[in-house]
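Coordinate inspection notes
In case you want the letters, here they are:
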Amino acid sequence: MAAHLNSGRVNLMALREAGRKELREFLDKCAGSKAIVWDEYLTGPFGLIAQYSLLKEHEVEKMFTLKPGRLPPADVKNIIFFVRPRLELMDIIAENVLSEDRVRCPQRDFHILFVPRRSLLCEQRLKDQGVLGSFIHREEYSLDLIPFDGDLLSMESESAFKECYLENDQTSLYHAAKGLMTLQALYGTIPQIFGKGECARHVANMMIRMKREFSGSQNPIFPVFDTLLLLDRNIDLMSPLATQLTYEGLIDEIYGIQNTYVKLPPEKFAPKKPGEGGKDLPTEPKKLQLNSAEELYAEIRDKNFNAVGSVLSKRAKIISAAFEERHHAKTVGEIKQFVSQLPHMQAARSSLANHTSIAELIKDITTSEDFFDNLTVEQEFMSGIDTDKVNNYIEDCIAQKHPLIKILRLICLQSVCNSGLKQKVLDHYKREILQTYGYEHILTLNNLEKAGLLKTQLTSRNNYPTIRKTLRLWMDDVNEQNPNDISYVYSGYAPLSVRLAQLLARPGWRSIEEVLKMLPGPHFEERQQLPTGLQKKRQHGENRVTLVFFLGGVTYAEIAALRFLSQMEDGGTEYVIATTKLINGTSWVKSLMEKLEPPPF
């Protein structure tokens, strides 16, 4: 089921198993039949840790979504609420508990499991509502880092960036530090910590403090990771704003990948029978799981989209040739061998059909004029062309009332590539947006300014060209088919965050001290003492393992670029990626948007 989690250098199955064990222990505390009431946001992340079959083994008979009003009828002994510590959810839980018919089911027990931490404020709210005493077990389930793939972990904390940069709330940083402590308990102490940014500094400090507090209780384990690199999202605001051009990145940009699942328009996936025309087309979206357990997806996910077509056509020829083999099978042994390979071949054929359909859906969009125009403007900004004046394409898009998020992504990208916009340019854009889309968006613009995505150029000096040249962020001659540099993931732009990881491995950050000072926040290095006998002696030719933790979110294009570095022949480093949330430009900007609702009269 989850074999893909141990396909990399680090066996992430151990982390998933630890999560499952903790869940089983809690369920067993609540003896008897159970119904779980889910905070809807948690169902996706939990699905990556435990399927319904595990819950069923522990007497979970019913599952409901948390919503106001009465709970649906269920003949069970225990009702367990699985919730994030949010005050608005406590009000719904109180309503559920108070509306229970005590006469009909006097023996029903209530329990609450806070994910990932208990909250005094939430318990106080339940007390104010008069229901705190109804809960027999009030516990926390520390679902900090969830394994998404063999080299990818995410906390799926959707508001981490907003909390850190707008609200000055460091809760998600504390959870990140706790998650890293869990990793160290399973995979050994990480001897070297590097970081860049204010949030990175906070997380490193919390980890070091936690390590001191638990100094006597740690198991002596040989370290699996050599280095931890903590990166703030705000040192590289460009990568999420630009359109990702890898296969997986484009699926996420266009359809949105949620907890490894994507929902796609069904028409391309309907089996076409001759003579039936277009009747009875399915109306339900096609839901597919995307991870490296699927051989074809593992091969194409990180390629530039322009290189995917040739892989699919090559794969189609191989599969047809394999099916043709059946005509040559003469002896019983040959037929038996063919039959034994059949399930694998059929799975490969169905996987190919799915990805051919997805590629067609994406191609319809990437070959459109609008996509091309948008990409052209992005690439001009990133290569430093006309970043300091009002852009005609953006003005036209506003005049035609294109989606607001598209406009905001472009304007923020222009601001980042110009180290801020001239006051009159920024005022012009703001005026156009508010007059076209409505004055209620003034809060969103304010949030974008506060988070540093939009800003006024305070000095006449624009640092971006220096950063671009020193870190080689723009490459003119990109080979999309057989790349030799990470810039292929955006067809020209090399993600700054990944370039920092690459330079840290070789030749080290000393070579780029001046540029690091131009990026926000401190850069630092910490060493964690290993007990004697646990120092790692590297075998000749053995690669180092670096955990790169993105605080505030990471895109699939950046993940693809790090995987590319892991696979380089002379790279010497393999990367595992962790993040507070998997993001794309749209979901990221949306998390910073606020809409003023008119007051009810």
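Residues numbered from 1 in each chain as written. Predicted model: local features only at pLDDT ≥ 70, side-chain atom pairs only at ≥ 80, totals over all residues. Heavy atoms only, no water.

A word on the overall build of the protein
Selection rule: Note on conventions: DSSP H or I runs of at least 4 residues are helices, E runs of at least 2 residues are strands, and numbering of each starts at the N terminus. Radius of gyration here is computed from C-alpha atoms only, and the compact-globule reference equals 2.2 Å multiplied by the residue count raised to the power 0.38. Note on areas: these come from Shrake-Rupley sampling with a 1.4 Å probe, and a residue is covered only by the protein chains present in the view. Note on charges: Lys and Arg go in the positive column, Asp and Glu in the negative column, and His and the chain ends are not counted at all. To locate a charge, take NZ of a lysine, CZ of an arginine, CG of an aspartate or CD of a glutamate.
Regarding its fold elements, the protein presents 23 helices and 15 strands. Computed over the C-alpha atoms, the radius of gyration of the protein is 26 Å, within 12% of the 25 Å expected from 2.2 N^0.38 for a compact globule of 601 residues. Principal-axis analysis of the C-alpha atoms places the extent of the protein at approximately 75 × 70 × 70 Å. In the structure as shown, the protein presents an accessible area of about 28,300 Å², 52% of it carried by carbon and sulfur atoms. Positive and negative side-chain charges in the protein, numbering 74 and 77 respectively, have mean positions lying 3 Å apart.

Observations regarding the sheet that holds strand β7 (residues 152-154)
The line we're drawing: Think of it this way: DSSP has to see at least two bridges between two strands before they count as a pair. Helix axes are fitted to C-alpha atoms over the stretch in contact, other axes to C-alpha atoms as well, and angles between N-to-C directions run from 0 to 180 degrees.
Taken in spatial order, the seven strands of this open sheet run β6-β7-β15-β14-β9-β8-β13, and their pairing is mixed. Each of the sheet's edge strands pairs with one partner strand only, and the pair in question is β6 (146-149) and β13 (523-527). Strand-to-strand twist of the sheet, defined as the mean angle between neighbouring strand axes without regard to direction, takes the value 20°. For β7 and strand β15 (residues 573-579), the ladder comprises three bridges, and the chain directions are parallel. Paired with Leu 152 across the two strands is Ile 577, which belongs to β15.

What about helix α5 (residues 120-128)?
Note the threshold: Relative accessibility thresholds used throughout: buried, under 20% of the residue-type maximum; exposed, over 50%; partly exposed, between the two (1.4 Å probe, protein chains only). Summarising the geometry, the arc corresponds to the directions from the helix axis toward the C-beta atoms. For this analysis, residues touch if any pair of their heavy atoms sits within 4.5 Å. Polar contact is the term for a pair of N or O atoms within 3.5 Å; when the atoms are in protein, one must be able to donate a hydrogen and the other to accept it, and sequence-neighboring residues count only if both atoms are side-chain atoms.
Within α5, the full set of buried residues consists of Cys 122, Glu 123 and Leu 126. The buried residues of α5 occupy one face: seen down the axis, they fall within an arc of 100°. Away from its buried face, by an angle of more than 90 degrees, α5 presents the exposed residues Leu 120, Leu 121, Lys 127 and Asp 128. Contacts made by the buried residues of α5 are with α4 (87-98), β4 (109-114) and β5 (135-140). With a side-chain oxygen lying 3.3 Å from the backbone nitrogen of Leu 121, the N-terminal cap of α5 falls on Ser 119.

Quick look at the side chain of His 111
Position of His 111 among the secondary structure elements: in strand β4. Judged by relative accessible area, His 111 falls into the buried class, the value being 2%. A distance of 3.5 Å separates a polar atom in the side chain of His 111 from the backbone nitrogen of His 137. Not counting the four nearest positions on each side in its chain, His 111 is found in contact with Phe 26, Cys 30, Asn 78, Ile 79, Ile 80, Phe 81, Phe 135, Ile 136 and His 137.

A short note on the sheet that holds strand β10 (residues 257-258)
Sheets are built from strands paired through backbone hydrogen bonds, the pairs being either parallel or antiparallel. The strand order across the open sheet built from three strands is β10-β11-β12, with neighbouring strands paired in antiparallel fashion. Each end of this open sheet is capped by a strand with a single partner; those strands are β10 and β12 (286-289). For strand β11 (residues 261-264) and β12, the ladder comprises four bridges, and the chain directions are antiparallel. Bridge pairing in β12 places Val 262 opposite Leu 288.

Concerning the pattern of salt bridges
Short version of the rule: Put simply, a salt bridge is a Lys or Arg side-chain nitrogen that is within 4 Å of an Asp or Glu carboxyl oxygen.
If you walk through the whole model with that rule in mind, you get 35 salt bridges. One salt bridge connects Glu 139 with Lys 29, and the closest N-O pair in it is separated by 2.8 Å. Of the two residues, Glu 139 is situated in strand β5 and Lys 29 in helix α1 (residues 13-29); the sequence distance between them amounts to 110 residues. For Glu 139, a relative accessible area of 21% puts it in the partly exposed group. On the accessibility criterion, Lys 29 (44% relative accessible area) is partly exposed. Asp 388 is the salt-bridge partner of Lys 422, the closest N and O atoms lying 4.0 Å from each other. One end of the pair, Lys 422, is in the loop between α16 (404-417) and α17 (423-437); the other, Asp 388, is in the loop between α14 (369-382) and α15 (392-399), and 34 residues separate them in sequence. A relative accessible area of 36% means that Lys 422 is categorised as partly exposed. When salt bridges with common partners are traced through the structure, they connect Asp 149, Asp 151, Glu 248, Arg 301, Asp 302 and Arg 563 into a single cluster.

Some points on the packing of helix α7 (residues 171-187) against helix α8 (residues 198-213)
Just so we agree on the cut-off: Convention used here: angles under 35 degrees read as roughly parallel, angles over 145 as roughly antiparallel, angles from 65 to 115 as roughly perpendicular, and any remaining angle as oblique. A crossing counts as left-handed when the near helix is turned anticlockwise from the far one by less than a right angle, and as right-handed when that turn is clockwise.
Running from N to C, α7 and α8 cross one another at 50°; their axes reach a closest spacing of 9 Å. In terms of axis orientation, α7 runs oblique to α8. α8 is crossed by α7, and the crossing has right-handed handedness. Between α7 and α8, the contacting residues are Leu 173, Tyr 174, Ala 176, Ala 177, Lys 178, Leu 180, Met 181 and Gln 184 on the first element and Cys 199, His 202, Val 203, Met 206, Met 207, Met 210 and Lys 211 on the second.

Structural notes on the packing of aromatic side chains
Two aromatic rings, taken as a pair, are described by how far apart their centres are and by the angle between their planes. Let me state the cut-off plainly: Ring pairs shown here join Phe, Tyr and Trp side chains whose ring centres sit within 6.5 Å, with only the six-membered ring taken for Trp; geometry is labelled stacked below 30 degrees between planes, edge-to-face above 60, and tilted in between. Sitting over a ring, as applied to charges here, requires NZ of Lys or CZ of Arg to be within 6 Å of the ring centre and within 35 degrees of the ring normal.
The tally for this structure, following the rule as stated, stands at 15 aromatic pairs. Relative to Phe 110, the ring of Phe 81 lies with its centre 6.3 Å away and its plane at 20°, an arrangement referred to as stacked. One end of the pair, Phe 81, is in strand β3 (residues 78-83); the other, Phe 110, is in strand β4, and 29 residues separate them in sequence. Owing to a relative accessible area of 0%, Phe 81 belongs among the buried residues under this scheme. With 4.5 Å between their ring centres and 40° between their planes, Phe 161 and Tyr 165 make a pair best called tilted. With Phe 161 and Tyr 165 both in helix α6 (residues 160-165) and four residues apart, the pair spans about one turn of that helix. With relative accessibility at 16%, the residue Tyr 165 sits in the buried group. Aromatic ring contacts, followed pair by pair, group Trp 38, Phe 46, Phe 82 and Tyr 141 into a single cluster. The ring of Tyr 261 has Lys 287 lying over it, and the distance from NZ or CZ to the ring centre is 4.8 Å.

These figures come from the coordinates and say nothing about function on their own.
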